[in-house]
Amino acid sequence: MTINEIQDELISDFELFDDWESKYEYIIDLGKQFPPLEEQFKTEDNIIKGCQSRVWLNAYMDGDLLKFEADSDAIIVRGLVSMLVKVLSGHTPEEIANTDLYFMERIGLHQHLAQTRSNGLASMLKQMRAYGVAFQAKSENVAN
């Protein structure tokens, strides 16, 4: 699936809920279902700066695709990062670096998250895009 197809699927999932309490419960469920990050990757280097909770992000190349694994010590944040991983993981670094992520706005996350969580979500996305740019540059250097 493309990044936009995955975003559209997430938007459809959230449209099933009538109120924000139900949507929060869904985000918490996503966090509970999200596989934990292996302890070896829960390092200072993998902590995302700018998050109130602790969030770890591990990025690696699998062939031509950039993959992400993540975790958080806060269940709702774990749900939020799981959505970003679902949307962005398994695509090329170029796609990740250049994609227009619209699902957060369409779901209404920014209007319903506390400012600190909204800032943390932006920090997670910024770090994932930075990995996209870095791995894209690395692959271009190898090709030259």
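Draft legend 1. Spotlight on the pairing of strand β1 (residues 55–62). With 8 bridges joining them, β1 and strand β2 (residues 65–72) adopt antiparallel strand pairing. The residue bridging W56 from the neighbouring strand is D71, located in β2. Where β1 folds back on β2, the antiparallel hairpin that results is connected by 2 residues, among which G63 adopts a positive phi of roughly 70 degrees.

Draft legend 2. Local environment of the side chain of Q7. Looking at the element boundaries, Q7 is found in helix α1 (residues 3–15). A distance of 3.0 Å separates a polar atom in the side chain of Q7 from a polar atom in the side chain of N4. In terms of polar contacts, Q7 uses its side chain to reach the backbone amide nitrogen of Y102, at 2.7 Å.

Draft legend 3. Seen up close, a negative patch on the surface. Together, D18, D19, E21, E25 and D29 make up a negatively charged patch on the protein surface. Inspection of the secondary structure assignment puts D19 in the loop between α1 and α2 (20–33). D19 gets classed as partly exposed once you look at its relative accessible area, which sits at 39%.

Draft legend 4. Representation of the side chain of S123. By secondary structure assignment, the location of S123 is in helix α7 (residues 115–143). Every residue in contact with S123, bar those within four places of it in the chain, is listed here: I48, K49, G50 and C51.

Draft legend 5. Molecular detail of the pattern of salt bridges. One pass over the structure, following the stated rule, counts 6 salt bridges. The partner of D73 in a salt bridge is R54, and the shortest N-O contact between them spans 3.8 Å. With D73 in the loop between β2 and α3 (75–88) and R54 in the loop between α2 and β1, this pair connects stretches of sequence that are 19 residues apart. Assessed through its relative accessible area of 44%, R54 is described here as partly exposed. With a closest N to O distance of 3.0 Å, D62 and K67 form a salt bridge. If you follow the salt bridges from partner to partner, you end up with E39, K42, D71 and R78 in one network.

Draft legend 6. Spotlight on the nonpolar core. If you look at the biggest cluster of nonpolar residues, it comprises 42 residues, and the most contacted ones within it are F68, F103 and L109. Breaking this core down by element, the ones donating at least two residues are α1, α2, β1, β2, α3, α5 (103–107) and α7. Per-element accounting of this core gives the leading share, 9 residues, to α3. Excluding anything up to four places from it in sequence, F103 contacts Q7, L10, I11, M83, L84 and V87.

What counts and how
- Residues numbered from 1 in each chain as written.
- Predicted model: local features only at pLDDT ≥ 70, side-chain atom pairs only at ≥ 80, totals over all residues.
- Heavy atoms only, no water.
- Pairing = 2+ DSSP bridges.
- Helix = DSSP H or I, 4+ residues; strand = E, 2+ residues; numbered from the N terminus.
- Polar contact = N/O pair within 3.5 Å; in protein donor to acceptor, adjacent residues only side chain to side chain.
- Patch = residues over 30% accessible without salt bridge, like charges linked within 9 Å, V, L, I, M, F, W, Y side chains within 5 Å.
- Areas by Shrake-Rupley, 256 points an atom, 1.4 Å probe, with all protein chains shown as cover.
- Salt bridge = Lys/Arg side-chain N within 4 Å of Asp/Glu carboxyl O.
- Lys, Arg positive; Asp, Glu negative; His and termini not counted.
- Charge placed at Lys NZ, Arg CZ, Asp CG, Glu CD.
- Buried < 20%, exposed > 50% of the residue type's maximum accessible area, 1.4 Å probe, protein only.
- Contact = heavy atoms within 4.5 Å.
- Core = buried A, V, L, I, M, F, W, Y, C linked by side-chain atoms within 4.5 Å.

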